[in-house]
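The chain contents come next:
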Amino acid sequence: MSQFIQESELSVRVIEGEAVIVNRAMNAVHRLNAVGAEVFFALQQPHTRSSLFEALSESVDFSDVDADEARADVDAFVDDLLDRRLIRPAAQDPLPPAPIRLKLWKRDLNAIGAALGAPIAAHIEVSTRCHLDCVHCYIPGAERRPKRDAERKPDMTNDELRALLDQLEALGCFVITFTGGEIFIRPGMMELLEYASGRGFILELFTSGTPLTPDKAARLANLNLARVQISLYSHDHTTHDDVTQVRGSWMRSVAAAKELVARGIFVEFACTLMRSNIADVVELRQFADSLGVALKYGDPISSRTDGNADTHDLRPTPEQRAEAVRKIPDFFSIPEPKDPDEPLCPAGHNMCAIAANGDLLPCNLFHLPLGNVREQPLAELWANSPALQRLRRARMRDVKPSPLGALPRYIDFCPGLNLLEEGDYLVPAKVVAETTLMVERELSAMASEAGRTT
């Protein structure tokens, strides 16, 4: 008789007794209830249908169900698991690894995380140190390039980060985004990534790409890697290098992108819009397309995390923004109004972030301290942090009027930016309200112009 066993390209977490499974080879997410989880986990070892039922009888109470009916139900569930490609005939080759396309299933995974109250995704800041000196960086310069280590809290050690990954796995986390600073100047970073991948995490990496070598790229190609986001601020090397303040950085970032793409890794350029580069948005998109790289614009530039607002001078002028709306209207699209009962955002509901010093945050842009994982287990903070419980109770109906007046919707409404810019995560940041009003005017004008030409 045929034996069956679990597929190998699976990331599995147990949350509230349920099994949540990402099939990395098929780019699909599945949720099994407690009984379904029992069947699935029994198939970690090869079983025939008959031996599977006998094994389940030791842990599942079938006494209130007719034996033949119970066997039929188990057989039907085995067929369901086969259809979903979560198990296979033991004599059949396992599914081969395939490129992970997080966009295809992230929405479903996020919904499961929200329903079960689990941090499905987490950002981990491995360090604030960076060898570049980008003019707009939200990390204060003293933290990026400290003159004395005594001036800053020490970064978590690699042992602490591995223990943190174990805690996140136990809480049901699937997607880890490693960020910095520059992640690849941290000693032992590749080994840390390999440990995370071995624990079944899906990885996203935020980097400048400049420290990447062909050897590191080859090691990355063997990981559960969904995305490498490389900061690139223009198709023009001079404009980019003026932002990083390091000559040759554009060349190294682009070389890294080419190396990763050649190895089948999904690469995305991240371009923060500022006065010096906003005229280049179309050309940068064309350049990214020519390399087979995705492109994500970032706006607005935030204050630095110490409250320093000198970065505001780098923000595009109103005239530049208006021109950009006409060039890339898809980026500046107006969202639908949110339901008054909706949470402010996913931060603190199904995602979290951990800063380099161990501080737990709702997300990496939302610097609301919730406790420190060096001082208290992550599970306790996730369940009991008073600040986090208050945030979870907040709803869109609680949002206060912006300095420019209440609006039914905002482009890129962000509680983290609100806190940083206005000191209150319930008050929309002025720059967000200004941008929304400007975009509404520009889109209306564009619609009128289009109407006159038809």
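Just so it is clear, the structure is predicted and the values come from calculations on it, not from any experiment.

Reading the values: rules and limits
- Residues numbered from 1 in each chain as written.
- Predicted model: local features only at pLDDT ≥ 70, side-chain atom pairs only at ≥ 80, totals over all residues.
- Heavy atoms only, no water.
- Buried < 20%, exposed > 50% of the residue type's maximum accessible area, 1.4 Å probe, protein only.
- Helix = DSSP H or I, 4+ residues; strand = E, 2+ residues; numbered from the N terminus.
- Pairing = 2+ DSSP bridges.
- Right-handed = clockwise from strand over helix to strand, strands pointing away.
- Expected span 1.5 Å × (residues − 1).
- Arc of directions from axis to C-beta.
- Contact = heavy atoms within 4.5 Å.
- Polar contact = N/O pair within 3.5 Å; in protein donor to acceptor, adjacent residues only side chain to side chain.

Burial runs high along strand β8 (residues 202-207): six of the six residues are buried. Here β8 shows two buried faces, one formed by Ile202, Glu204 and Phe206 and the other by Leu203, Leu205 and Thr207. Direction of pairing for strand β7 (residues 175-179) relative to β8: parallel, over a ladder of four bridges. Note on β8: the bridge partner recorded for Phe178 is Leu205. On the question of chirality, the crossover connecting β7 to the parallel β8 by way of helix α7 (residues 189-198) is right-handed. Of the pairings in the sheet, the one linking β8 to strand β9 (residues 225-231) comprises five bridges and is parallel in character. Bridge pairing in β9 places Glu204 opposite Arg227.

Attention now goes to helix α3 (residues 67-83). Taking 1.5 Å per residue, 17 residues should reach 24 Å; α3 reaches 24 Å between its end C-alpha atoms and fits that length. The complete set of buried residues in α3 reads Ala70, Val74, Phe77, Val78 and Leu81. In an axial view of α3, the angular spread of the buried residues amounts to 105°, which keeps them on one side of the axis. Exposed residues pointing more than 90 degrees away from the buried face of α3 are listed as Asp68 and Asp83. Buried residues along α3 sit against β1 (4-6), β4 (28-32), α1 (34-42), α2 (49-56) and β5 (87-89). Residue Asp66 occupies the N-cap position of α3, its side-chain oxygen lying 3.1 Å from the main-chain nitrogen of Asp68. Just beyond α3, the residue with positive phi is Arg85, at close to 65°.

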